[in-house]
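For reference, the chains in residue letters:
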Amino acid sequence: GTPRTWSKQSCPPSSPSKKQNIIYTHTHTHTPDNPASVHAMASPKGSKLTKGLLVLAIIGAVFVILGCVALIISDGIIYSQVAATLPLNKKGQTYEQWKRPKIPIYFQVWAFDITNPLEILEGKKPAVVHKGPYTYREERTKHAIRFFENGTVYYKERRSFVFDRGLSVGSDNETVTSVNLAMATVMTALRYEAPLLKELVDGALQFWKEELFVETSVHDLLWGREDNILKAIADLVKSFNVTLPITDTVGLLMGKNNTDTGEYLIHSGQRGLENFANIVSWNRQRKLSVWSSDYANTINGSLGIFFPPFVDKDHEQYIFSTDLTRSLALTFQHQTETEGIPLYKFYAPPVTFAKPSINPLNAGFCTPPGHCLPSGLLNMSTAYFGAPVVVSNPHFLFCEPEVVASVEGIWPDREAYESHLNI
């Protein structure tokens, strides 16, 4: 029942974070019910009490000021320490960790095993079984590193993958039934060619008894296997002055093991931390040439390993994915922690892969231009040399209901399969 008055006191903003430190104080006021108490307050004893309260108020104000000063100094010390240690240079504390991360990186794969290939050929709905994880230890090593006076650093990055049986459900030599990637790639590449050529290739595929669905190991499905039929067909179509963008090896991640992921130019942080680790160019391009709009071809953000410090959760964080050949805007979801370390959780919301009628900015990702897939799907054929590759979140998460319903065995669980990044 005692009334209290709260006041807000602002400390001067600290530099350079420019955040205003707020400290709340309150004074406790008692209103006497007895009028005699009022006269007592005006007495000498009341005067002493008033002086005492005044002294306490002054002392409180001094502590508030000292607290503000301490916070300003603390912010300044933290910023100066980060500014001194974070920028990349060959003698810096972060250089070796950036050059070759010591923290283990794991690449895990789940494969869909098609259980009714013959029924699919008869027009029935595909049915799949989810198998995995098959885990690979990923190593990333940067080389050909060159620093420039404008605050940028150039490098190449080599990625390698080594299978880890202890963290896997089984060997990656286990087999699954999947789409015949070689056959699908050839037929897709020839879809606009002359009818005679298509008939010849179709006859060759029947002669070699190629089928739409094949049994293959998880390893070969990912990293590829030699396919003599591909080479024979490539030689066949050359007689028609047609060159197919195929080799004698086919795999979902073909050419991505023990190879460079490209040439990078990023901000080193030596000229300021606001753009630290953000990409300037990839493969000597400041913009991509894969998609059909400037927005879609823009290279934004970092590679998702390093970020500028002092992340603001109210602003989107951008990462550039070389696997997707596009930039992604991540939105703050909620605060979390790992081993007691406070983190911001950012995620790719459904609008990221929404169709243009929902997100008009995504019109540039439709390939060919104007031919757009349902929400949740990204046609990657342009980036994969014409191969019929379409990307989605695991289990068609955030895809339209008719897409999810088109395959039996799909469970789009947001908690399990949502793409996110903790910073």
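Structure's up top.
Notes on the structure in this doc start here. Keep in mind that what you see is a predicted model, and the values were worked out from it rather than measured.

Parameters at a glance
Residues numbered from 1 in each chain as written. Predicted model: local features only at pLDDT ≥ 70, side-chain atom pairs only at ≥ 80, totals over all residues. Heavy atoms only, no water. Phe/Tyr/Trp six-rings, centres within 6.5 Å; stacked < 30°, edge-to-face > 60°. Helix = DSSP H or I, 4+ residues; strand = E, 2+ residues; numbered from the N terminus. Buried < 20%, exposed > 50% of the residue type's maximum accessible area, 1.4 Å probe, protein only. Lys NZ or Arg CZ within 6 Å of the ring centre and 35° of its normal. Patch = residues over 30% accessible without salt bridge, like charges linked within 9 Å, V, L, I, M, F, W, Y side chains within 5 Å. Areas by Shrake-Rupley, 256 points an atom, 1.4 Å probe, with all protein chains shown as cover. Salt bridge = Lys/Arg side-chain N within 4 Å of Asp/Glu carboxyl O. Contact = heavy atoms within 4.5 Å. Arc of directions from axis to C-beta. Disulfide = S-S within 2.5 Å.

Points about the packing of aromatic side chains
Then, number 1: Under the definition given, this model contains 13 aromatic pairs.
Then, number 2: Their ring planes at 45° and their centres at 6.2 Å tell us that Tyr-95 and Phe-147 sit as a pair that is tilted. One end of the pair, Tyr-95, is in helix H3 (residues 95–99); the other, Phe-147, is in strand E4 (residues 128–147), with 52 residues separating them in the sequence.
Then, number 3: We classify Tyr-95 as buried; its relative accessible area is 6%.
Then, number 4: Here the aromatic cluster, defined as three or more aromatic residues joined through ring pairs, consists of Tyr-95, Trp-98, Phe-147, Tyr-155 and Tyr-264.
Then, number 5: A cation over a ring is seen here: Lys-313 above Phe-332, with NZ or CZ 5.3 Å from the ring centre.
Then, number 6: Between Arg-326 and the ring centre of Phe-365, over which it is positioned, the NZ or CZ distance is 3.9 Å.

Observations concerning a nonpolar patch on the surface
Then, number 1: Judged by side-chain polarity, Leu-118, Leu-121, Val-179 and Leu-212 come together as a nonpolar surface patch covering roughly 370 Å² of accessible area.
Then, number 2: Among the structural elements, Val-179 can be located in strand E6 (residues 175–179).

Concerning the environment of Cys-399
Then, number 1: Mapped onto the fold, Cys-399 is located in the loop between strand E16 (390–391) and helix H10 (401–404).
Then, number 2: Given a relative accessible area of 11%, Cys-399 falls into the buried group.
Then, number 3: Every residue in contact with Cys-399, bar those within four places of it in the chain, is listed here: Ser-375, Gly-376, Leu-377, Ser-392 and Val-404.

Points about helix H8 (residues 228–238)
Then, number 1: Among all positions of H8, only Ile-229, Leu-230, Ile-233, Ala-234 and Val-237 are buried. Around the axis of H8, the buried residues are gathered within 135° of arc, so they sit on the same side. What points out from H8, more than 90 degrees from its buried face, is the exposed set Asn-228 and Lys-238.
Then, number 2: The elements touched by buried residues of H8 are helix H5 (181–189), helix H6 (195–207) and strand E9 (249–250).

Focus on the pattern of salt bridges
Then, number 1: Counted by the stated rule, this structure contains ten salt bridges.
Then, number 2: Note that Glu-157 is salt-bridged to Lys-142, the shortest N-O span being 2.9 Å. Of this pair, Glu-157 sits in strand E5 (residues 152–163) while Lys-142 is found in strand E4, placing the two residues 15 residues apart along the sequence.
Then, number 3: Exposure remark for Glu-157: the relative accessible area of 5% places this residue in the buried category.
Then, number 4: The exposure class of Lys-142 is buried, given its relative accessible area of 7%.
Then, number 5: Two residues, Lys-355 and Glu-400, come together in a salt bridge whose shortest N-O distance is 2.9 Å. Within this pair, whereas Lys-355 is found in the loop between strand E14 (341–347) and strand E15 (378–379), its partner Glu-400 is found in the loop between E16 and H10, the two being separated by 45 residues in sequence.
Then, number 6: Judged by relative accessible area, Glu-400 falls into the buried class, the value being 13%.

Quick word on the state of the cysteines
Then, number 1: Going through the model one piece at a time under the given rule, you end up with one disulfide.
Then, number 2: Here Cys-366 pairs with Cys-372 through a disulfide, and the sulfurs are 2.0 Å apart. Note on the Cys-366 and Cys-372 pair: the S-S dihedral is about 110°, so by sign convention the disulfide is right-handed.
Then, number 3: Using a relative accessible area of 6% as the deciding quantity, one classes Cys-366 as buried.
Then, number 4: A relative accessible area of 37% places Cys-372 in the partly exposed class.

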